[in-house]
Each structure stands twice: as C-alpha cells, then as structure tokens.
Amino acid sequence: MHVAIIGGGFTGLLAAYLLEQKGILVTVYEKETHVGGHCRTLAYQNLMVEIGTAVSFGPQLKELLLTLEIPYSERFTYRNFLDEHYHKVEHLSHDEVLLLMEELPRFEALYKVYFPQGAHDTYGRFQDLTIPLEAFLEKVKLPMIGQVIAPHLSAYGFGSAKETPAYYALHTFDPRTLQAIIRGDKLLFVDDGMSQVIHKLSQNISDVRYAIEVKNIVPLQGKVRIDTSYDTAFYDQVLITTKLPKDVIKDTLYNELMKKIDTNPYITCIYEVENKNIVTTYYKANAGKKETIQFFNIYKEKGKTILVAYAYGLLSKDLIESIRKDIERSGVEVRHLVMAKQWYIFPHLKPWNLREDFYVALRAHQKESQISLMGSLVSKPSIAHLYETTKAFLEERF
Amino acid sequence: MDKKQKQAILMEGHVHGVTKTCEKYGLSRTLYYRWLHRYQRQGLEGLQAMKKGGDPSNKTPKETEDKVLSLLRTHPAYGPREIKYLLEEIGLHLSESCVYNIMKRHDLSTRAKRMRFAKKKPIQSLSSIPDLDTLESGECWLFFITSYGPFQGKHPLYAYSIIDLKSKIACSRLYEELSMNCFEDLLSAAALPVAQNLNFQTRHLLFFEDPHLQCKNKSLFITQTQRILQASGFDPTLHFVGEGERPEVLEDLKTFYTKTCLSSIIPLLPTADNLTELKLLLQRNIRRYNLEKPASYHQGSMPPLTYHSQSTGSTMILPLWAYLDRDY
C-alpha cells in the first residue's frame, strides 16, 4: 500500500510518521519549501519565539513528545485583561463569577445533550448549533460562559463570538477546556519550540516532496491519481490535511466542501520591547473584532523581551501601525518590529453554507472513498486534539 | 631564553670549549649539541623556542567547563557521576572522568572543597530584617510552614503560607511533605499570579526559620526560589529569620492569620474523609478571609483586599480562579 498525504503541517507529518511506524509506504506533498505549517518557531538569540501554534492545554500531546524525546515543560501562565481604555480589568468581576458558578452546571448538562460522546471526535452533526455562539448562549441564558469563552475564541483564531457558529466554538470549548481556563491550569510548552516537533517528525519520514503543488486528485479504478505541475503518480489512498483550491479534487462532495470552506486571515506581529514585567495580555474590548489587536504573548530572558501580538485581517502598513499603537497605549515601550506574518487559519463553513448534516455526510462518504480529509479541516484546531483525532482516524482506517 | 642568548652561548662554546661553557650555564651537552645542529641547519631561526602544539583537540570547551562549575556551585555535594547525569539532562554528554578532571583542574576534587567553593558565591540573601515601618502594601511577604501532625494516622500534614505583611493578604496550601516542590507550587500557582494582578512591588521575602523544618541545602533553595521569582518579573531580597530574631509584629501577624484561617480546619481533621475535602475547605476560608473578613489596620477595620486597593489607590483585579474552588 502506498499513501499520499497532501500538506506537510502538523497533521500531515504526524499521519506520515504514524503510518511509517505501521510499515506503510507514504509520500508527503508540501507546496512550500519547508514543512510545519502553523507550527513554527523563530530563534531570536536565545529565545524560542512561537509565531504560530504556541502552547497546548491537553496532556494528550505528552505521549508524542515522550516518544520523540522532545523536552517540554508545564508552566502556569499569567493573563491580564485590558478594557477599551487600556485599563487593567478582571476577566470577570466577583459578581459575574457568582453568575458563572450558577451557569457552569447548566452548561455541562446542556453540553451532554449536544455532544453525548464528549468532544474527542471530529466534527459531526450541527443540530441547531449553526447559529453564532453569542446568539446561542443568549438563547440558553449562559451569558457568562460567553464572557469566559470570547477572548479565548478569538485567541484560538475562530474570530468573533457574534459570527462563529456555536458548534465550532462549543466543540473546542468543552467543559473540560473551559474548566482548565477558569482554573488557570498549567500550559504545556515545547522547550525548543514547536519547530522541534516538526523537525523530529520529519527525521522519521522517508519521502517528502517540497515546493510541489498538487494540481489534480482523481479517483480512478481503485487507485487515486495525483498530478503535480511536473509529474503524475498513483496511490492506494490519499489523505488531505489542508485546504485545496477548487476543482483539484475530482470528487463532487469533497470539491463542494473545498469551495465553501473559509479561513480567517490572521496576523502575527512580533516586536522587541523594553518592559520586562509584562505578561500575556488580552484586549477584552477587541475580542473577535477585525483589524485590531486581540492579545499578545511574551518571551523574555535577561535584557530581552519579545512580544508576539495577534490580530485578524490582512497585512498592511496601517494595520501594523495600529497594532503598535495599541501595544504602546497599554504602557509597553516598543523598540522595533521583528516580524509581521500573514496566516490563514481555522478552516470552517460560514453559517450560510452550513447544512446541519454536512460533516455527517462527509464522514459517510469518506468511508466509501479512497480519499479522506483530516486535521483541522474536520476537527478543532488545537494541537493536542489534532494528535488525538489523527491517531484515532489512522487506527480505524489502516 | 631567547634565540640571541642561545646564539651567544654557542659562540662562547666554540671559543672556550663546550664542556666548560655548559657547566657555566648549567646546560647539558646534549642540549648544547641539539641547539648547535639546529643552528647549523636553520641559522638563527632554528634557535627560536619551539611552539608547543597548541590546545589538544579533545580539550573541553570553556563553556562546558563553566556549565560544570555552575552545576557544582548549585550541587556541591554531588560527585562526578551525578554531575554527569545532570549534564545529560541539559544535552551535554561528558564522561565521568572528564567531569572529574574538570573538578581536579579547579581544585574541587573533594566534597569539602566543593562545599567551600559553593559558599563563596555571592548569595543575595540576608539574615537581617528590613525596616518594617517604611513598607507599603505588597512589598514584604512572610513565608512559614504550619504543621498539623499526621492526617488520618498516615502522612503528616503541613500548611504552607505566604502572607503580605502590610495588607495581610494571604494564601496557603496543604501538602503532605516538606519539600521545595510544595513551596514552588504555592509560589507559582497562587502567590505570584495574585501578586501580578494586584500589582505588588514585592521587595522582601522573609522566611521564618524553624529548626525542625530545616532546608537541607539552603543555597540550592535560594537559587531555585530566585529563578521562579525572576521568571515572573519579581526580584525581592530573601531574608532568613531565626526564632529569637522575630519582631513582635511578625509574630503577631502569624498568630492572627493562624487563628483566623489555618486553625479553622483543625476540628475537621479527625472526621475529614480525604485531603481534597480539607483543601477545599481551607481554600474557601482563605477566600473569605481575603475578600470579606475585616482585619484591623491603622486606617480602620476592613478586609485585606479592600485595604490593599485603598492604600495603593488601585482597582482590585483578581484572576478568575481566585473566586472559585480549585483543585491542586
């Protein structure tokens, strides 16, 4: 058996690694000159600055890190919240916390109704969760849950609670994750950066094709043909882990998804700054708003502090300027810009494209086809969860 | 001896005889003839002192030696093998004998010598007490351990507490052992996040020394504590206060907090089903103590958190979890 994997991001490489462990022949196609996708670390003097995926909540990833012998650490992180006037505020006030306490058990009960198996799976039936999160939580009278989720929803790259379909948001912010946020649990950091994970996975994969764009994926009499700009090859199975341009996949249902699927334009903006005593800070009033800073992370060592800010939108001089101003207004002295980088994250369907059984139909089709979709195309975009779902999917299919 | 001097000796030998000249300068005849042959072959340049072959190719790099030395400073009691294992953890693979040779080169081959070496380090810690009258809210913390005796007839139970001297804002956690890890947990999970949020400008951290609860390796404890504090942007001076040296204010504060908070779980000790339950009860009491229970200050009677925001003119900002039950 020979399997082609489209996309050399975390899911693609993980799948390739796990399949090779099973003795299955694998070829990875990556359209960039480097693998890793959203897992990327910038080595800045002695600092390992994450410019994409930064941390993980779940303990699931530890298993992978241990087998690959990658050192990690678990640390408490401190979060600050700022209001529209750049003043420090509480995430929730004392009175709001009392309301939250009352809402939590109701949220858990409601969650069980919508996700009877928990949220350890890929996307499934949307039911009436196609409406935006905010509208849904208003309907079921859980406004404080919404308050807790909103800044994190934005930080994960989902966008605004006013727009994100409730299903996607709740799939990610299950009661367990919510509890972890509320308790301020330790987060898991890879000591040498997420790039180290990519590096170690790559070392165990024998066939990666770089800078080669896939033009056609055609199911053909029990095989799948892949045409690139330069050559053609046949495979027994194809795993797609990334959004492809329309009409690449010669399969009506998959192609329909690829045409409808949207991503959020997201920007990482890295500055060297003066202040030492700053921590991860969320701009609460901006949560989900386009073209405004959402939050920043801090990496520091003696004499050097690096700030990584995140915002929705497309790179432009004006946007970078406005991010810088927002950082300065919160009392941080910016030395200079280190990097500005455009991402497209969180593949999802907009409410008007969402049919309640879309992903169910997709999963049924997947069982019959030699082509399957995996990773963040069909599952929540958290690294620990991607590890779990990828492992489970391959276990079942191969 | 430079080449000119050697040449002069060769000339003298030529004129006055080799044996005599060699005796005069304390040289062997072998050396004299070696010089002579080189002089005949290469001229004056042949008498240039020959360069030694430079550093051996397998010489341990200075950075590695420095790392070994800094490990020795923190772990003076460790021998070459233990240090070798510690080095492996940071990705350095040296042999045991290599570590030993480094020790020998720095005259640190015995444990006693290493102990002396470790103590030489300028440790930023004092046994004196800062001027307590000039302190502001949040500037000076007190750390102490309270022992409850064995819980359910098994492990001993301890409360680790940190209390701010001026505001009386406090946090405590229950643990079943005496260890650096417990202190680190209290500091990084509870004390530091709250201090960050409340904008504490902490300048002093006082430790009540208890002869029964001696830390085995104080310098290691200090280094580790400073590392944790500095990683969160705090750099207080650490003070160690012996039993006889404590001013009344400190003793009073400890007694006050013990009475209002820590003692509350004593009646529950015989009946409590498990530690989780006790931890939760204590946590709730501490929350009530900080947020609601009035304590007395010069300015009047009010809860500690209210005092802090009043005296510093800041709004009270707490992390979400500070209001909720939290397992640990």
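Residues numbered from 1 in each chain as written. Chains lettered and ligands numbered in written order. Predicted model: local features only at pLDDT ≥ 70, side-chain atom pairs only at ≥ 80, totals over all residues.

**Quick notes on the overall build of chain B**
Piece 1. When you go through chain B residue by residue, the secondary structure sums to 12 helices and eight strands.
Piece 2. Against the globule reference of 20 Å for 328 residues, chain B gives a C-alpha radius of gyration of 33 Å, more extended than a compact globule.
Piece 3. Seen along its three principal axes, the alpha-carbon backbone of chain B occupies a region of about 105 × 45 × 40 Å.
Piece 4. Each of the 328 residues in chain B was classed as buried or not, and the buried ones make up 26%.
Piece 5. Across chain B, contacts joining residues at least 24 apart in sequence account for 62% of those joining residues at least 6 apart. (Helix = DSSP H or I, 4+ residues; strand = E, 2+ residues; numbered from the N terminus. Rg over C-alpha atoms; globule rule 2.2 N^0.38 Å. Buried ≥ 20, exposed ≤ 12 C-beta atoms within 10 Å, placed from the backbone. Contact = placed C-beta atoms within 7 Å.)

**Some thoughts on the overall build of chain A**
Piece 1. Regarding its fold elements, chain A presents 12 helices and 19 strands.
Piece 2. Against the globule reference of 21 Å for 398 residues, chain A gives a C-alpha radius of gyration of 21 Å, in line with a compact fold.
Piece 3. Each of the three principal axes of chain A carries a C-alpha extent, and together these read 65 × 50 × 40 Å.
Piece 4. Among the 398 residues that make up chain A, the fraction classed as buried is 46%.
Piece 5. Looking at chain A alone, contacts between residues at least 24 apart form 72% of all its contacts between residues at least 6 apart.

**Quick look at the sheet that holds strand E2 (residues 25-29) of chain A**
Residue and element names in this part refer to chain A.
Piece 1. Strand order in the open sheet formed by five strands is E9-E2-E1-E13-E19, and the pairing between neighbours is parallel. One side of each edge strand has no neighbouring strand; the edge strands of this open sheet are strand E9 (208-209) and strand E19 (371-373).
Piece 2. Strands strand E1 (2-6), E2 and strand E13 (237-240) of the sheet are contacted by helix H1 (residues 10-21), whose axis makes an angle of about 165° with E2. (Pairing = 2+ DSSP bridges. Axes fitted to C-alpha atoms, helices over the stretch in contact; angles between N-to-C directions.)

**Quick notes on the pairing of strand E12 (residues 232-235) of chain A**
Residue and element names in this part refer to chain A.
Piece 1. Where strand E11 (residues 223-228) meets E12, four bridges bridge the pair, whose relative direction is antiparallel. Across the sheet, the residue bridging to Val224 is Tyr235, located in E12.
Piece 2. In textbook terms, the turn of a hairpin is the stretch between consecutive antiparallel strands, and for E11 and E12 this stretch comprises three residues.

**Comments concerning the nonpolar core**
Piece 1. With 72 residues, the main nonpolar core has Ala169 of chain A together with Ala170, Leu186 and Ala191 of chain B as its most contacted residues.
Piece 2. Ranked by the residues each element gives to this core, the list is headed by helix H8 (residues 180-197) of chain B, at nine residues.
Piece 3. Among residues more than four places away in sequence, those in contact with Ala170 of chain B are Ser161, Ile162, Ile163, Tyr257, Cys261, Ile286, Tyr289 and Asn290 of chain B.
Piece 4. Counting residues in each nonpolar core, the second largest holds 58 residues, with Leu18, Tyr29, Ile205 and Leu244 of chain A among its members. (Core = buried A, V, L, I, M, F, W, Y, C linked by C-beta atoms within 7 Å.)

**With respect to the domain arrangement of chain B**
Piece 1. For chain B, the assigned domains are domain 1 (3-47), domain 2 (62-119) and domain 3 (126-323).
Piece 2. A separation of 47 Å is found between the C-alpha centroids of domain 1 of chain B and domain 2 of chain B. (Domains from an automatic or database assignment.)

**Let's talk about the pairing of E13 of chain A**
Residue and element names in this part refer to chain A.
Piece 1. With burial as the criterion, each face of E13 is covered, one bearing Gln237 and Leu239 and the other bearing Val238 and Ile240.
Piece 2. Here E1 pairs with E13 via four bridges, running parallel. Note on E13: the bridge partner recorded for Ile5 is Leu239.
Piece 3. Looking at chain direction, E13 and E19 are connected through three bridges and run parallel. Within the sheet, the bridge partner assigned to Val238 lies in E19 and is Ile371.

**Brief notes about the sheet that holds strand E10 (residues 214-220) of chain A**
Residues and elements named next belong to chain A.
Piece 1. Judged by pairing direction, the sheet is antiparallel, and its three strands sit side by side in the order E10-E11-E12 without closing on themselves. Every other strand in the sheet has two partners, leaving E10 and E12 as the edge strands with one partner each. When the angles between neighbouring strand axes are averaged without regard to direction, this sheet yields 20°.

**With respect to the interface of chain B and chain A**
Piece 1. In this complex, chain B contributes 13 residues to the contact, which on the side of chain A involves 16 residues.
Piece 2. When grouped by side-chain class, the residues that make up the side of chain B that touches chain A number nine nonpolar, three polar and one charged. (Nonpolar A, V, L, I, M, F, W, Y, C, P; charged D, E, K, R; others polar.)

**Some words on helix H10 (residues 317-329) of chain A**
Residue and element names in this part refer to chain A.
Piece 1. An ideal rise of 1.5 Å per residue puts 18 Å on 13 residues; H10 measures up with 18 Å between its terminal C-alpha atoms.
Piece 2. Looking only at H10, the buried set comprises Leu319, Ile323, Asp326 and Ile327. Buried residues along H10 cover an arc of 100° about the axis, so they all sit on one side. Residues Lys317, Asp318, Glu321 and Lys325 are exposed on H10 and point more than 90 degrees away from its buried face.
Piece 3. Following H10 by one or two positions, Gly331 has its phi on the positive side, about 95°. (Expected span 1.5 Å × (residues − 1). Arc of directions from axis to C-beta.)

**As for the domain arrangement of chain A**
Residue and element names in this part refer to chain A.
Piece 1. Considered domain by domain, chain A is made up of domain 1 (2-75 + 189-261 + 349-397), domain 2 (96-177) and domain 3 (264-347).
Piece 2. The gap between the C-alpha centroids of domain 1 and domain 3 is 28 Å.
Piece 3. The partner domain 3 presents 15 residues to the 15 residues of domain 1 that form the contact.
Piece 4. Of all the secondary-structure elements, those providing two or more residues to the side of domain 1 that touches domain 3 are strand E3 (41-44) and strand E4 (47-50).
Piece 5. In terms of residue class, the side of domain 1 that touches domain 3 is made up of nine nonpolar, five polar and one charged.

**Details of unusual backbone geometry**
Piece 1. Its identity is not glycine, yet Phe346 of chain A carries a phi of approximately 55°, on the positive side.
Piece 2. What makes Phe346 of chain A partly exposed here is the crowd of 19 C-beta atoms within 10 Å.
Piece 3. One non-glycine residue, Lys168 of chain B, adopts positive backbone phi at about 70°.
Piece 4. By C-beta crowding, Lys168 of chain B is classed as buried, having 24 other C-beta atoms within 10 Å.

**Describing the confidence of the model for chain B**
Piece 1. Averaged over every residue, the pLDDT of chain B is 85; residues scoring 70 or more account for 94%.
Piece 2. Complex prediction metrics read pTM 0.77 and ipTM 0.76. (pLDDT = per-residue confidence, 0-100.)

**Quick look at the environment of Glu84 of chain A**
All names here are of chain A.
Piece 1. Its place among the elements puts Glu84 in the loop between strand E6 (79-82) and strand E7 (88-89).
Piece 2. The class for Glu84 is exposed, based on 10 C-beta atoms found within 10 Å.
Piece 3. When the C-alpha atoms of Glu84 and Leu373 are compared, they prove to be 41 Å apart, with 289 residues separating the residues in sequence.

**Describing the environment of Val241 of chain B**
Piece 1. With respect to the helices and strands, the residue Val241 of chain B is situated in strand E6 (residues 237-241).
Piece 2. Judged by the 19 C-beta atoms lying within 10 Å of it, Val241 of chain B is partly exposed.

**Some remarks on the environment of Phe173 of chain A**
Residue and element names in this part refer to chain A.
Piece 1. Examined against the element boundaries, Phe173 turns out to sit in the loop between helix H6 (166-172) and helix H7 (175-183).
Piece 2. Since 24 C-beta atoms lie within 10 Å of it, Phe173 is described here as buried.
Piece 3. Sequence separation between Phe173 and Lys380 is 207 residues, and the spatial gap between their C-alpha atoms is 9.6 Å.
Piece 4. Excluding its chain neighbours within four sequence positions, the residues that come into contact with Phe173 are Ile149 and Leu178.

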